[in-house]
Amino acid sequence: MTRALALALLLAVIASALAVVYMRQQSRLEFGELTRVGIERDELNIEFGRLQLEQATWAENNRIEQIARGAFGLVTPTPADSVVIRR
């Protein structure tokens, strides 16, 4: 009986040790993945900032006016070309 109990305890200790080793390895793998995802998040945030800056540049009024003048030949009307409609 004592031998059986000692053997059962020994097997429990070995199983516990193997579980600790396995969990530690899983923890290392998950931490590596967390680090990789964090770096990817930072890169995406930088890219998002660049895209916001580019969007702001393309949406500026003077940029739109330049395109309207160049591509469509639009000009600012002179006072003689303006018509005021009164009710």
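Above this text is the structure in question.
Just so we're clear, the structure is a prediction, and the values are computed from it rather than from any experiment.

Chemist: Give a description of the overall build of the protein chain that names residues and reports values.
Modeler: Summing up its helical and strand segments, the protein chain has two helices and zero strands in all. Here the C-alpha atoms of the protein chain give a radius of gyration of 35 Å, more than 25% beyond the 12 Å that 2.2 N^0.38 yields for 87 residues. In terms of principal-axis extent, the alpha carbons of the protein chain reach across some 115 × 30 × 15 Å. Across the 87 residues that make up the protein chain, the buried fraction comes to 2%. For the protein chain, the exposed surface amounts to about 8,500 Å²; the carbon and sulfur share of it is 65%.

Chemist: Report on the pattern of salt bridges, specifying residues and quantitative values.
Modeler: Pairing is possible between side chains that carry opposite charge, provided their charged atoms lie close to one another. Taken as a whole and assessed by the stated rule, the structure comprises five salt bridges. Note that R41 is salt-bridged to D42, the shortest N-O span being 2.9 Å. Since its relative accessible area comes to 37%, D42 is described here as partly exposed. Among the salt bridges present, the one from R69 reaches E65, with a minimum N-O distance of 2.7 Å. On the criterion of helical spacing, the pair formed by R69 and E65 is a turn pair, its members being four residues apart in helix 2 (residues 61-72). By relative accessible area, E65 is classed as partly exposed at 39%. Sharing partners across several salt bridges, the network here consists of E33, R36 and E40.

Cut-offs and rules
- Residues numbered from 1 in each chain as written.
- Predicted model: local features only at pLDDT ≥ 70, side-chain atom pairs only at ≥ 80, totals over all residues.
- Heavy atoms only, no water.
- Helix = DSSP H or I, 4+ residues; strand = E, 2+ residues; numbered from the N terminus.
- Rg over C-alpha atoms; globule rule 2.2 N^0.38 Å.
- Buried < 20%, exposed > 50% of the residue type's maximum accessible area, 1.4 Å probe, protein only.
- Areas by Shrake-Rupley, 256 points an atom, 1.4 Å probe, with all protein chains shown as cover.
- Salt bridge = Lys/Arg side-chain N within 4 Å of Asp/Glu carboxyl O.

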